[in-house]
Amino acid sequence: MDKSKLPPKKIPTRSATIDDHVNTKREILIFSDFDGTIALQDTGHLLFDKHGCGPERRQALDDQIHSGERSFREVSEEMWGSLNVGFDDGFEVMKEKLVFDPDFRDFHLFCVRNSIPFNVISAGLKPLLRAVLENHLGADAAHIDIISNDMRMGPDGKTWEVVWRDDTPLGHDKAASIQAFKGDSAILDEGELPPLIVFIGDGVSDLPAAREADILFARRGLRLEEYCIENKIPYIPFDSFASIKKEIQRLAAEDKKAEEETGVPKFFNPRANFWRRASSKGAQDGAVTLASMKEAMKSTSSLHSGAKTPTAEPVSDPLHTVGVQS
(Lines give C-alpha, C1' and ligand atoms only; values in the text may rest on other atoms or scores of the structure.)
Protein backbone atom coordinates (compact mmCIF):
# COMPACT_ATOMS: atom_id res chain seq x y z
CA MET A 1 0.00 0.00 0.00
CA ASP A 2 1.23 3.48 -0.86
CA LYS A 3 1.51 5.17 2.56
CA SER A 4 1.75 8.61 0.95
CA LYS A 5 -1.93 8.31 -0.02
CA LEU A 6 -3.07 7.55 3.50
CA PRO A 7 -4.69 10.36 5.53
CA PRO A 8 -2.41 11.98 8.13
CA LYS A 9 -2.37 10.29 11.51
CA LYS A 10 -3.98 12.22 14.31
CA ILE A 11 -1.76 12.93 17.31
CA PRO A 12 -3.27 13.87 20.70
CA THR A 13 -3.31 17.63 21.20
CA ARG A 14 -2.34 19.33 24.42
CA SER A 15 -5.72 19.56 26.10
CA ALA A 16 -4.54 19.06 29.67
CA THR A 17 -6.10 20.61 32.72
CA ILE A 18 -4.27 23.42 34.50
CA ASP A 19 -2.85 20.93 37.00
CA ASP A 20 -1.59 18.72 34.17
CA HIS A 21 -0.30 21.39 31.78
CA VAL A 22 3.36 21.54 30.70
CA ASN A 23 4.42 25.09 29.88
CA THR A 24 6.90 24.60 27.05
CA LYS A 25 7.04 24.54 23.26
CA ARG A 26 10.13 22.34 23.29
CA GLU A 27 9.53 18.68 22.52
CA ILE A 28 9.84 16.44 25.59
CA LEU A 29 10.75 12.77 25.17
CA ILE A 30 10.69 10.38 28.11
CA PHE A 31 12.57 7.09 28.31
CA SER A 32 11.96 4.96 31.40
CA ASP A 33 13.26 1.70 32.77
CA PHE A 34 10.58 -0.78 33.82
CA ASP A 35 11.74 -3.23 36.52
CA GLY A 36 12.21 -1.38 39.80
CA THR A 37 11.12 1.89 38.21
CA ILE A 38 7.60 1.60 36.79
CA ALA A 39 7.06 -1.70 38.60
CA LEU A 40 8.39 -1.86 42.15
CA GLN A 41 9.68 -5.41 41.70
CA ASP A 42 11.60 -7.14 38.95
CA THR A 43 9.44 -9.18 36.55
CA GLY A 44 12.21 -11.71 36.03
CA HIS A 45 12.82 -12.17 39.75
CA LEU A 46 9.16 -12.99 40.33
CA LEU A 47 9.37 -15.68 37.67
CA PHE A 48 12.73 -17.08 38.80
CA ASP A 49 11.62 -17.34 42.43
CA LYS A 50 8.36 -19.12 41.53
CA HIS A 51 9.24 -21.21 38.46
CA GLY A 52 13.02 -21.21 38.12
CA CYS A 53 16.22 -21.20 40.13
CA GLY A 54 14.53 -20.03 43.33
CA PRO A 55 15.23 -16.99 45.53
CA GLU A 56 18.47 -18.24 47.12
CA ARG A 57 20.21 -19.06 43.83
CA ARG A 58 18.82 -15.93 42.23
CA GLN A 59 20.26 -13.80 45.05
CA ALA A 60 23.63 -15.52 44.69
CA LEU A 61 23.60 -14.77 40.96
CA ASP A 62 22.67 -11.14 41.62
CA ASP A 63 25.64 -10.90 43.97
CA GLN A 64 27.91 -12.14 41.15
CA ILE A 65 26.73 -9.23 38.98
CA HIS A 66 27.28 -6.66 41.71
CA SER A 67 30.76 -8.00 42.54
CA GLY A 68 31.78 -8.01 38.87
CA GLU A 69 32.46 -11.75 38.94
CA ARG A 70 30.12 -12.31 35.99
CA SER A 71 28.41 -10.03 33.48
CA PHE A 72 24.76 -9.08 33.65
CA ARG A 73 24.19 -10.88 30.36
CA GLU A 74 25.85 -14.13 31.46
CA VAL A 75 23.96 -14.27 34.74
CA SER A 76 20.66 -13.34 33.10
CA GLU A 77 21.00 -16.21 30.63
CA GLU A 78 21.35 -18.64 33.52
CA MET A 79 18.35 -17.15 35.32
CA TRP A 80 16.03 -17.16 32.30
CA GLY A 81 17.32 -20.60 31.31
CA SER A 82 16.24 -21.96 34.71
CA LEU A 83 12.55 -21.41 33.97
CA ASN A 84 10.30 -24.38 33.28
CA VAL A 85 6.86 -22.90 32.73
CA GLY A 86 4.70 -21.82 29.83
CA PHE A 87 4.24 -18.11 29.16
CA ASP A 88 0.57 -17.96 30.17
CA ASP A 89 1.12 -19.96 33.36
CA GLY A 90 4.19 -17.89 34.19
CA PHE A 91 2.27 -14.67 33.65
CA GLU A 92 -0.09 -15.60 36.47
CA VAL A 93 2.59 -14.66 39.01
CA MET A 94 2.67 -11.18 37.44
CA LYS A 95 -1.06 -10.81 38.00
CA GLU A 96 -0.72 -12.00 41.59
CA LYS A 97 2.41 -10.21 42.79
CA LEU A 98 3.62 -7.45 40.48
CA VAL A 99 3.05 -4.01 42.02
CA PHE A 100 3.22 -0.83 39.95
CA ASP A 101 4.28 2.57 41.24
CA PRO A 102 0.94 3.85 42.58
CA ASP A 103 1.22 7.09 40.60
CA PHE A 104 2.33 5.62 37.28
CA ARG A 105 -1.15 5.43 35.76
CA ASP A 106 -1.75 9.12 36.45
CA PHE A 107 1.70 10.00 35.10
CA HIS A 108 1.01 8.05 31.93
CA LEU A 109 -2.25 9.96 31.43
CA PHE A 110 -0.35 13.21 32.05
CA CYS A 111 2.02 12.29 29.21
CA VAL A 112 -0.86 11.47 26.86
CA ARG A 113 -2.69 14.71 27.63
CA ASN A 114 0.45 16.73 26.93
CA SER A 115 1.46 14.74 23.82
CA ILE A 116 4.69 13.63 25.50
CA PRO A 117 5.93 10.33 24.03
CA PHE A 118 6.63 7.87 26.85
CA ASN A 119 8.86 4.91 26.09
CA VAL A 120 9.95 1.90 28.11
CA ILE A 121 13.64 1.12 27.59
CA SER A 122 14.51 -2.09 29.39
CA ALA A 123 16.86 -5.03 29.81
CA GLY A 124 13.78 -7.21 30.24
CA LEU A 125 11.78 -9.22 27.73
CA LYS A 126 9.45 -7.31 25.41
CA PRO A 127 6.54 -9.82 25.29
CA LEU A 128 6.46 -9.96 29.09
CA LEU A 129 6.65 -6.18 29.49
CA ARG A 130 3.94 -5.63 26.88
CA ALA A 131 1.67 -8.11 28.65
CA VAL A 132 2.06 -6.56 32.09
CA LEU A 133 1.54 -3.01 30.75
CA GLU A 134 -1.63 -4.07 28.95
CA ASN A 135 -2.82 -5.86 32.07
CA HIS A 136 -2.28 -2.69 34.13
CA LEU A 137 -3.28 0.05 31.70
CA GLY A 138 -5.61 -1.74 29.30
CA ALA A 139 -5.97 -0.09 25.89
CA ASP A 140 -4.03 2.96 27.10
CA ALA A 141 -0.82 0.91 26.94
CA ALA A 142 -0.98 0.89 23.14
CA HIS A 143 0.89 4.17 22.68
CA ILE A 144 3.93 3.08 24.75
CA ASP A 145 6.89 1.93 22.67
CA ILE A 146 9.05 -0.78 24.27
CA ILE A 147 12.76 -0.93 23.46
CA SER A 148 14.12 -4.12 25.03
CA ASN A 149 15.35 -7.65 24.55
CA ASP A 150 13.09 -10.27 23.02
CA MET A 151 12.51 -13.95 23.78
CA ARG A 152 11.54 -17.26 22.28
CA MET A 153 10.10 -20.37 23.84
CA GLY A 154 11.68 -23.77 23.42
CA PRO A 155 9.98 -26.63 21.54
CA ASP A 156 8.45 -27.88 24.79
CA GLY A 157 6.73 -24.54 25.34
CA LYS A 158 8.25 -24.21 28.81
CA THR A 159 11.89 -23.23 28.36
CA TRP A 160 12.76 -19.56 27.90
CA GLU A 161 15.58 -18.14 25.81
CA VAL A 162 16.60 -14.49 25.74
CA VAL A 163 17.06 -12.90 22.32
CA TRP A 164 19.49 -10.12 23.14
CA ARG A 165 19.17 -6.74 21.48
CA ASP A 166 22.94 -6.37 21.01
CA ASP A 167 26.28 -8.01 21.81
CA THR A 168 27.21 -5.88 24.83
CA PRO A 169 27.77 -7.32 28.34
CA LEU A 170 24.37 -5.92 29.33
CA GLY A 171 22.61 -7.45 26.32
CA HIS A 172 20.93 -4.11 25.68
CA ASP A 173 22.99 -0.94 25.68
CA LYS A 174 20.34 1.62 26.56
CA ALA A 175 22.67 4.49 25.75
CA ALA A 176 23.14 3.13 22.23
CA SER A 177 19.37 2.83 21.80
CA ILE A 178 18.89 6.47 22.74
CA GLN A 179 21.79 7.50 20.49
CA ALA A 180 20.27 5.55 17.59
CA PHE A 181 17.04 7.46 18.05
CA LYS A 182 18.94 10.75 18.06
CA GLY A 183 20.95 9.86 14.98
CA ASP A 184 17.80 8.97 13.08
CA SER A 185 16.16 12.24 14.15
CA ALA A 186 19.19 14.50 13.86
CA ILE A 187 17.87 16.96 11.27
CA LEU A 188 16.29 20.04 12.82
CA ASP A 189 14.83 23.13 11.20
CA GLU A 190 16.73 26.38 11.66
CA GLY A 191 16.09 27.70 15.16
CA GLU A 192 14.41 24.49 16.31
CA LEU A 193 15.53 23.24 19.70
CA PRO A 194 16.50 19.59 20.17
CA PRO A 195 14.03 17.64 22.28
CA LEU A 196 14.39 17.63 26.05
CA ILE A 197 15.47 14.07 26.85
CA VAL A 198 14.27 12.70 30.20
CA PHE A 199 15.46 9.34 31.53
CA ILE A 200 13.97 7.55 34.55
CA GLY A 201 15.66 4.54 36.12
CA ASP A 202 16.85 2.69 39.18
CA GLY A 203 19.54 0.10 38.56
CA VAL A 204 22.66 -1.37 37.02
CA SER A 205 21.32 -1.77 33.49
CA ASP A 206 20.45 1.95 33.47
CA LEU A 207 24.04 3.09 34.02
CA PRO A 208 25.00 3.59 30.32
CA ALA A 209 21.88 5.67 29.70
CA ALA A 210 22.42 7.90 32.71
CA ARG A 211 24.78 10.18 30.78
CA GLU A 212 22.51 10.47 27.74
CA ALA A 213 19.74 12.56 29.29
CA ASP A 214 19.19 16.28 29.74
CA ILE A 215 17.27 15.46 32.91
CA LEU A 216 17.82 12.25 34.87
CA PHE A 217 15.54 10.83 37.55
CA ALA A 218 16.93 8.06 39.79
CA ARG A 219 14.78 6.13 42.23
CA ARG A 220 15.94 7.07 45.70
CA GLY A 221 18.24 4.69 47.55
CA LEU A 222 18.98 2.30 44.67
CA ARG A 223 21.99 1.55 42.50
CA LEU A 224 21.49 4.25 39.86
CA GLU A 225 21.45 6.94 42.54
CA GLU A 226 24.64 5.49 44.04
CA TYR A 227 26.27 5.56 40.59
CA CYS A 228 25.27 9.19 40.05
CA ILE A 229 26.74 10.19 43.40
CA GLU A 230 29.96 8.24 42.77
CA ASN A 231 30.42 9.75 39.29
CA LYS A 232 29.10 13.26 40.05
CA ILE A 233 26.29 12.94 37.52
CA PRO A 234 23.48 15.47 38.05
CA TYR A 235 20.20 13.78 38.87
CA ILE A 236 16.91 14.18 40.72
CA PRO A 237 15.94 11.47 43.22
CA PHE A 238 12.33 10.34 43.20
CA ASP A 239 10.06 8.20 45.33
CA SER A 240 7.06 8.08 43.01
CA PHE A 241 5.95 9.19 39.56
CA ALA A 242 3.87 11.92 41.21
CA SER A 243 7.06 13.79 42.11
CA ILE A 244 8.43 13.26 38.59
CA LYS A 245 5.30 14.82 37.13
CA LYS A 246 5.66 17.93 39.29
CA GLU A 247 9.38 18.20 38.52
CA ILE A 248 8.84 17.96 34.76
CA GLN A 249 6.26 20.74 34.92
CA ARG A 250 8.60 22.97 36.95
CA LEU A 251 11.76 22.19 34.98
CA ALA A 252 10.02 22.66 31.62
CA ALA A 253 8.88 26.12 32.73
CA GLU A 254 12.43 27.00 33.86
CA ASP A 255 13.85 25.68 30.60
CA LYS A 256 11.40 27.77 28.56
CA LYS A 257 12.12 30.91 30.58
CA ALA A 258 15.90 30.52 30.16
CA GLU A 259 15.56 29.98 26.40
CA GLU A 260 13.39 33.10 26.06
CA GLU A 261 15.83 35.22 28.10
CA THR A 262 19.19 33.91 26.83
CA GLY A 263 18.43 31.95 23.66
CA VAL A 264 19.79 28.80 25.32
CA PRO A 265 17.64 26.26 27.17
CA LYS A 266 18.58 25.67 30.79
CA PHE A 267 18.68 21.90 30.52
CA PHE A 268 20.93 21.06 27.61
CA ASN A 269 23.46 18.24 27.88
CA PRO A 270 26.23 18.73 25.25
CA ARG A 271 27.38 15.13 25.69
CA ALA A 272 23.89 13.82 24.93
CA ASN A 273 22.80 16.35 22.33
CA PHE A 274 24.52 15.95 18.99
CA TRP A 275 21.37 16.49 16.95
CA ARG A 276 22.77 19.01 14.53
CA ARG A 277 26.12 17.33 13.90
CA ALA A 278 25.02 13.70 13.88
CA SER A 279 24.77 12.10 10.49
CA SER A 280 21.35 10.64 9.92
CA LYS A 281 22.31 7.25 8.53
CA GLY A 282 19.15 5.53 9.64
CA ALA A 283 18.46 3.87 12.94
CA GLN A 284 19.28 0.28 13.82
CA ASP A 285 16.61 -2.31 13.25
CA GLY A 286 13.83 -1.85 15.77
CA ALA A 287 14.98 1.57 16.94
CA VAL A 288 12.38 4.02 18.10
CA THR A 289 12.17 7.37 16.32
CA LEU A 290 10.19 10.51 17.08
CA ALA A 291 7.88 9.67 14.19
CA SER A 292 7.22 6.18 15.52
CA MET A 293 6.59 7.56 19.01
CA LYS A 294 3.96 9.96 17.71
CA GLU A 295 2.51 7.27 15.47
CA ALA A 296 2.03 5.04 18.51
CA MET A 297 0.18 7.80 20.35
CA LYS A 298 -2.62 7.95 17.80
CA SER A 299 -4.46 5.07 19.48
CA THR A 300 -5.19 7.20 22.54
CA SER A 301 -6.08 10.45 20.79
CA SER A 302 -9.80 9.78 20.88
CA LEU A 303 -9.68 8.64 24.48
CA HIS A 304 -7.97 11.68 25.99
CA SER A 305 -9.05 14.91 24.31
CA GLY A 306 -10.32 17.44 26.41
CA ALA A 307 24.00 25.82 26.81
CA LYS A 308 24.46 25.24 30.32
CA THR A 309 24.68 21.73 31.64
CA PRO A 310 22.89 21.12 34.95
CA THR A 311 25.41 19.98 37.54
CA ALA A 312 23.19 19.56 40.55
CA GLU A 313 23.91 17.47 43.57
CA PRO A 314 20.96 15.34 44.69
CA VAL A 315 18.40 17.19 46.75
CA SER A 316 16.55 15.79 49.74
CA ASP A 317 13.24 17.13 48.50
CA PRO A 318 12.64 16.24 44.83
CA LEU A 319 10.38 19.28 44.46
CA HIS A 320 13.19 21.73 45.28
CA THR A 321 15.15 23.47 42.55
CA VAL A 322 17.90 21.64 40.73
CA GLY A 323 21.04 23.79 40.88
CA VAL A 324 22.94 24.83 37.80
CA GLN A 325 26.55 26.00 37.79
CA SER A 326 27.29 29.25 36.04
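This one's a predicted model, so the numbers in the text were calculated from it and none came from an experiment.

A short note on the pairing of strand 6 (residues 215-219)
- For strand 6, a buried count of five out of five residues is recorded, marking the element as mostly surrounded by other parts of the structure.
- Because side chains alternate across strand 6, one face comprises the buried residues Ile215, Phe217 and Arg219, and the other comprises Leu216 and Ala218, equally buried.
- Note that strand 5 (residues 196-201) and strand 6 share four bridges and pair parallel. The residue of strand 6 that forms the bridge with Val198 is Ile215.
- Each parallel crossover has a hand, and for strand 6 linked through helix 8 (residues 223-230) to strand 7 (residues 236-238) it is right-handed.

A short note on the pairing of strand 4 (residues 160-163)
- Only one face of strand 4 is covered, namely the one carrying Trp160 and Val162; the face carrying Glu161 and Val163 has none of its residues buried.
- Pairing analysis gives four bridges linking strand 3 (residues 145-153) to strand 4, with the strands arranged antiparallel. Paired with Asp150 across the strands is Val163, a residue of strand 4.
- The antiparallel pairing of strand 3 with strand 4 creates a hairpin that spans six residues between the two strands, and Gly157 there sits at a positive phi of about 75 degrees.

Describing the nonpolar core
- Membership of the largest hydrophobic core comes to 57 residues, with the highest contact counts inside it found for Ile30, Phe34, Phe118, Leu133 and Phe217.
- The element best represented in this core is helix 6 (residues 126-137), accounting for six residues.
- Once residues within four sequence positions are removed from consideration, Leu133 is found in contact with Phe34, Phe100, Phe104, Val120, Gly138, Ala141, Ile144 and Ile146.
- Formed by 19 residues, the second largest nonpolar core is a distinct cluster that contains Leu29, Ile147, Ala209 and Cys228.

Some remarks on helix 6
- Helix length check: helix 6, at twelve residues, gives a terminal C-alpha distance of 16 Å against a target of 16 Å (1.5 Å per residue), a fit within 8%.
- Those residues of helix 6 lying buried are Leu128, Leu129, Ala131, Val132, Leu133 and Leu137.
- Against the buried residues of helix 6 lie helix 1 (43-51), helix 3 (72-81), helix 4 (87-97), helix 5 (104-113), strand 2 (118-125) and strand 3.
- The positive-phi residue at the C-terminal boundary of helix 6 is Gly138, with phi of around 70 degrees.

As for the packing of helix 5 against helix 6
- Contact pair helix 5 / helix 6: the axes reach a minimum separation of 11 Å and the direction vectors enclose 90 degrees. When the axis of helix 5 is compared with that of helix 6, the two are roughly perpendicular. Contacts between helix 5 and helix 6 pair Phe104, Arg105 and His108 from the former with Leu133, His136 and Leu137 from the latter.
- The residue makeup of the contact of helix 5 with helix 6, split by class, is three nonpolar, two polar and one charged.

A few points about unusual backbone geometry
- The phi dihedral of Ser115 is positive, around 55 degrees, even though this residue is not glycine.
- Within the fold, Ser115 resides in the loop between helix 5 and strand 2.
- Take Ser115: its relative accessible area is 13%, and that puts it in the buried class.

Digging into the confidence of the model for the protein chain
- The predicted model of the protein chain averages 77 in pLDDT, with 69% of residues at 70 or higher.
- Between residues 272-290, whose pLDDT stays under 50, and residues either more than four places distant or in other chains, the model counts 55 contacts.
- Ignoring residues within four places in sequence, the model shows residues 292-326, a span with pLDDT below 50, making 97 contacts including any to other chains.

A closer look at the pattern of salt bridges
- Tallied over the entire structure, the rule returns 16 salt bridges.
- Two residues, Glu78 and Arg70, come together in a salt bridge whose shortest N-O distance is 3.0 Å.
- Judged by its relative accessible area of 29%, Glu78 is partly exposed.
- Between Glu254 and Arg250 there is a salt bridge, and its shortest N-O distance comes to 2.4 Å. With Glu254 and Arg250 both in helix 9 (residues 241-262) and four residues apart, this pair spans about one turn of that helix. With respect to class, Glu254 is no different from Arg250; both count as buried.
- Through salt bridges that share partners, Arg57, Arg70, Glu74 and Glu78 make up one connected network.

Definitions and limits used
- Residues numbered from 1 in each chain as written.
- Predicted model: local features only at pLDDT ≥ 70, side-chain atom pairs only at ≥ 80, totals over all residues.
- Heavy atoms only, no water.
- Buried < 20%, exposed > 50% of the residue type's maximum accessible area, 1.4 Å probe, protein only.
- Helix = DSSP H or I, 4+ residues; strand = E, 2+ residues; numbered from the N terminus.
- Pairing = 2+ DSSP bridges.
- Right-handed = clockwise from strand over helix to strand, strands pointing away.
- Core = buried A, V, L, I, M, F, W, Y, C linked by side-chain atoms within 4.5 Å.
- Contact = heavy atoms within 4.5 Å.
- Expected span 1.5 Å × (residues − 1).
- Axes fitted to C-alpha atoms, helices over the stretch in contact; angles between N-to-C directions.
- Parallel < 35°, antiparallel > 145°, perpendicular 65-115°, else oblique.
- Nonpolar A, V, L, I, M, F, W, Y, C, P; charged D, E, K, R; others polar.
- pLDDT = per-residue confidence, 0-100.
- Salt bridge = Lys/Arg side-chain N within 4 Å of Asp/Glu carboxyl O.

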